[in-house]
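Structural overview for review
Residues per chain, in single letters:
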Amino acid sequence: MTSALAAAGWGLFAGAALVIGAAIAWFVDVPAKVVGSVMAFGSGVLISAVAFELFDEAAHTGGLWPAVIGFAFGAVVYMLANLALAHFGARHRKRSQRQQPSKEDQSGSGMAIAIGALLDGVPESVVLGVGLLSGGGVSAAVVAAVFISNLPEGLSSAAGMKKAGRGPGYVFGVWGSIALVSALSAAAGYLLLGPAPPAVIAAITAIAGGAILTMIADTMIPEAFEITHAWTGLITSAGFLLAAAISWLGG
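This structure is a prediction, so every number in the text was calculated from the model and none was measured.

The rules behind these values
Residues numbered from 1 in each chain as written. Predicted model: local features only at pLDDT ≥ 70, side-chain atom pairs only at ≥ 80, totals over all residues. Heavy atoms only, no water. Helix = DSSP H or I, 4+ residues; strand = E, 2+ residues; numbered from the N terminus. Buried < 20%, exposed > 50% of the residue type's maximum accessible area, 1.4 Å probe, protein only. Contact = heavy atoms within 4.5 Å. Areas by Shrake-Rupley, 256 points an atom, 1.4 Å probe, with all protein chains shown as cover. Lys, Arg positive; Asp, Glu negative; His and termini not counted. Charge placed at Lys NZ, Arg CZ, Asp CG, Glu CD. Patch = residues over 30% accessible without salt bridge, like charges linked within 9 Å, V, L, I, M, F, W, Y side chains within 5 Å. Salt bridge = Lys/Arg side-chain N within 4 Å of Asp/Glu carboxyl O. Core = buried A, V, L, I, M, F, W, Y, C linked by side-chain atoms within 4.5 Å. Axes fitted to C-alpha atoms, helices over the stretch in contact; angles between N-to-C directions. Parallel < 35°, antiparallel > 145°, perpendicular 65-115°, else oblique. Left-handed = near helix turned anticlockwise from the far one by under 90°. Nonpolar A, V, L, I, M, F, W, Y, C, P; charged D, E, K, R; others polar. Polar contact = N/O pair within 3.5 Å; in protein donor to acceptor, adjacent residues only side chain to side chain. UniProt positions renumbered as here; feature names shortened; annotations may be inferred. Expected span 1.5 Å × (residues − 1). Phe/Tyr/Trp six-rings, centres within 6.5 Å; stacked < 30°, edge-to-face > 60°.

1. Observations concerning the overall build of the protein
From N to C terminus, the protein includes 8 helices and 0 strands. Listing each helix as α and each strand as β along the protein from the N terminus yields α-α-α-α-α-α-α-α. With the C-alpha coordinates aligned to their principal axes, the bounding extent of the protein is approximately 50 × 35 × 30 Å. Within the protein, buried positions represent 49% of all 251 residues. Long-range contacts, defined here as pairs at least 24 residues apart, represent 84% of the contacts in the protein between residues at least 6 apart. For the protein, the accessible surface area stands at approximately 11000 Å², while carbon and sulfur atoms represent 74% of it. For the protein, the distance from the average site of its 10 positive side-chain charges to the average site of its 12 negative ones is 11 Å.

Laid out in structure tokens, this is it:
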């Protein structure tokens, strides 16, 4: 039970970055260039975590092909879920300008955006819980990647929600709830997969990696590129290098 609580604590810590980012966007008029830059940086951090921590770990634990199949499955499932949510108005949930629909523009878009934000956060949180199953403690690189990437996600999305006319109750209700769900998801990842064989854990890790990479390409990088243009690749590379260094030093 102590380890499950530790997993929940790490999930809550990472999820709290969403609330912090939302608070910054709500109370501070953050320049669009800053929003795009931190989104690009966070994308690079997460890409590094997917490459060096998730897929690599899954391939070494369960074998290459199970990791490949799990990764592809996670990517496809995320894509299909994202397409369904886009139909109800959640397509631009991470956009910081005026791309998000208001409740007057599209009925039900508020719930779709909330569910979409939840879809984005759950795979990351489950990975934190799974990381404790080896007994060596949660990966510092994964925690850093999730926290650093959640900050711009919360910031950008909350800025877009505010411009779409969403109230503070909705904005902080969404991100506060997702922070709590992140804690529960991390604990569930630890408790439910504890008795599972290594191959199953590897598959779950790969599935999460596929979902996260698809999320980055579909929701984070478009927002970053729209604002930072030619600088996007350089800033993303800087985030990648930081996370890669953390992973290498931690290993």
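2. Digging into a nonpolar patch on the surface
On the surface, a nonpolar cluster with roughly 380 Å² of combined accessible area is contributed by Ile20, Ile24, Phe27 and Val28. Judged by relative accessible area, which is 32%, Ile24 ranks as partly exposed.

3. Quick look at the nonpolar core
Residues Leu46, Leu128, Ile212, Met215, Ile216 and Met220 are the most contacted members of the largest nonpolar core, which totals 35 residues. Looking at this core, the elements with two or more residues in it are α1 (2-27), α2 (32-62), α3 (64-87), α4 (109-130), α5 (140-163), α6 (168-193), α7 (198-228) and α8 (232-250). Per-element accounting of this core gives the leading share, 9 residues, to α7. The contacts of Leu46, once residues within four sequence positions are left out, are Glu124, Ala145, Ser149, Glu153, Ile212, Met215, Ile216 and Met220. By size, the runner-up hydrophobic cluster in this structure holds 20 residues, among which are Leu18, Ala22, Leu155 and Ala159.

4. Thoughts on the packing of α3 against α7
Between two packed helices, both the angle of their axes relative to each other and the distance between the axes serve to describe the pair. Running from N to C, α3 and α7 cross one another at 45 degrees; their axes reach a closest spacing of 6 Å. By the angle between their axes, α3 is oblique relative to α7. The two elements α3 and α7 meet at a crossing, and its hand is right-handed. Residues Ala67, Gly70, Phe71, Phe73, Gly74, Ala75, Tyr78, Met79 and Asn82 of α3 touch α7, and the partners they reach there are Ala203, Ala206, Ile207, Gly209, Gly210, Ala211, Leu213, Thr214, Met215, Asp218 and Thr219. Looking at the contact of α3 with α7 residue by residue, the classes come out as 12 nonpolar, 7 polar and 1 charged.

5. Notes on the side chain of Thr219
For Thr219, the location among the structural elements is in helix α7. Given a relative accessible area of 4%, Thr219 falls into the buried group. In this structure the side chain of Thr219 is engaged in a polar contact, spanning 2.7 Å, whose partner is the backbone oxygen of Met215. Discounting chain neighbours no more than four positions away, the residues touching Thr219 are Tyr78, Asn82, Arg93 and Lys94.

6. Looking at the UniProt feature "transmembrane region" (unreviewed entry) in the protein
Look at the UniProt record and you will see "transmembrane region" (unreviewed entry) annotated at residues 6-27, 34-52, 64-85, 128-148, 169-193, 199-217 and 229-249. Between the C-alpha atoms that bound residues 6-27 the distance is 31 Å, and the span itself is 100% helix and 0% strand. Split by type, residues 64-85 is 100% helix and 0% strand. Its first and last C-alpha atoms lie 32 Å apart.

7. Let's talk about the packing of α1 against α6
Close contact between α1 and α6 brings their axes to 7 Å; oriented N to C, the two are set at 160 degrees. Comparing their axes, α6 and α1 come out roughly antiparallel. For the crossing formed where α1 meets α6, the hand is right-handed. Residue classes in the contact of α1 with α6 are distributed as 23 nonpolar, 5 polar and no charged.

8. A short note on α3
For α3, spanning 24 residues, the distance from its first C-alpha to its last is 35 Å, which sits close to the expected 34 Å at 1.5 Å a residue. What α3 keeps buried is the set Ala67, Gly70, Phe71, Gly74, Ala75, Tyr78, Asn82 and Leu85. Gly89 occupies a position one or two residues after α3 and carries a positive phi of about 110 degrees.

9. A short note on unusual backbone geometry
Both trends apply: most residues other than glycine have a negative phi, and most peptide bonds are in trans. Look at His229: it is not a glycine, yet its phi comes out positive at around 50 degrees. Here His229 shows up in the loop between α7 and α8. By relative accessible area, His229 is classed as partly exposed at 43%.

10. Quick look at the packing of aromatic side chains
The tally for this structure, following the rule as stated, stands at 6 aromatic pairs. Consider the rings of Trp10 and Phe13, whose centres lie 6.0 Å apart with planes at 90 degrees: the pair is edge-to-face. In this pair, Trp10 and Phe13 are both assigned in helix α1, 3 residues apart and thus about one turn of the helix distant. We classify Trp10 as partly exposed; its relative accessible area is 34%. Their ring planes at 70 degrees and their centres at 6.2 Å tell us that Trp26 and Phe172 sit as a pair that is edge-to-face. On the criterion of sequence distance, the pair formed by Trp26 in helix α1 and Phe172 in helix α6 is long-range, its members being 146 residues apart. Taking relative accessible area as the criterion, Trp26 reaches 17% and is therefore assigned buried.

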